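Inside the fold
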Amino acid sequence: VTLVAVKPDGVQRRLVGQIIQRFETRGFKLVGLKMLQASEDLLAQHYASLNRKPFYPSLLRYMNSGPVVAMVWEGHNVVKSTRMLVGDTNPAEAKPGTIRGDFSIHISRNIIHASDSVEVAQAEIALWFRRSELMEWECCDHGSVYQL
Ligand code: GDP
Ligand code: MG
């Protein structure tokens with residue numbers, strides 16, 4: 001499982017539907033979804049590893065500037081595959097066909113967050129979601145997406 005969040009610029013630009021569609025059509029399973037205004041406290045924990053970077057204050061202001069759509073996706077190798085779907089952190093380096101490569105230009109407005117490792121994903125999901133907000137359900141096409 002991995003945490004994905006459409007950042008405030010992605011919500012403003014009405015990209016939520018197209019972003020969700022890419023994960024759904026790939027075959028991943030949505031197990032958590034909510035829209036929220038992230039608190040400064042949540043964002044400070046989420047980006048704790050970047051708190052000495054020069055762009056950190058503006059990053060928190062950006063992430064706090066409006067609602068975000070947070071989601072949890074499940075599937076085989078979903079953390080790595082999601083990073084590939086999302087593309088390079090700097091949209092100038094992100095390949096066409098990736099979400100950042102198709103929809104963004106500047107690193108300070110790169111429209112989406114995705115966990116960068118399995119360990120980080122576990123911590124980020126625990127930070128953003130309660131257990132009761134995560135659904136357990138069977139995809140009816142599981143046998144067509146995966147080898148039985
Ligand atoms: P990510 O995992 O690909 O999102 O990248 P990082 O974890 O390294 O950085 C988190 C977020 O901080 C990025 O998605 C950008 O929104 C922002 N960021 C990273 N590097 C820079 C930078 O050099 N300048 C600015 N303005 N923002 C940055
Ligand atoms: Mg990161």
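As recorded by an unreviewed UniProt entry, the protein chain carries the name Nucleoside diphosphate kinase and is attributed to Denticeps clupeoides. Word for word, the UniProt comment on the protein chain under Cofactor (unreviewed entry) is "Mg(2+)". UniProt annotates the protein chain under Sequence similarities (unreviewed entry) with the comment "Belongs to the NDK family."

The subject of this paragraph is the site of ligand 1. Neighbouring residues of ligand 1: Lys7, Tyr47, Leu50, Phe55, Leu59, Arg83, Thr89, Arg100, Ile107, Ser108 and Asn110. A distance of 2.4 Å separates an oxygen atom of ligand 1 from a polar side-chain atom of Thr89. The separation between an oxygen atom of ligand 1 and a polar main-chain atom of Ile107 is 3.4 Å. Protein contacts shield 75% of the accessible area of ligand 1, which totals 540 Å² for the unbound molecule. Taken atom by atom, the bulk of ligand 1 overlaps the largest pocket. The residue makeup of the shell around ligand 1, split by class, is five nonpolar, three polar and three charged.

Procedures and definitions
- Residues numbered from 1 in each chain as written.
- Chains lettered and ligands numbered in written order.
- Predicted model: local features only at pLDDT ≥ 70, side-chain atom pairs only at ≥ 80, totals over all residues.
- Heavy atoms only, no water.
- UniProt positions renumbered as here; feature names shortened; annotations may be inferred.
- Near = heavy atom within 4 Å.
- Polar contact = N/O pair within 3.5 Å; in protein donor to acceptor, adjacent residues only side chain to side chain.
- Areas by Shrake-Rupley, 256 points an atom, 1.4 Å probe, with all protein chains shown as cover.
- 1 Å grid on protein atoms, 1.4 Å probe; cavity = no way out; pocket = protein on both sides within 12 Å on 5 of 7 lines; lining within 4 Å.
- Sits in = over half its atoms within 2 Å of the grid points.
- Nonpolar A, V, L, I, M, F, W, Y, C, P; charged D, E, K, R; others polar.

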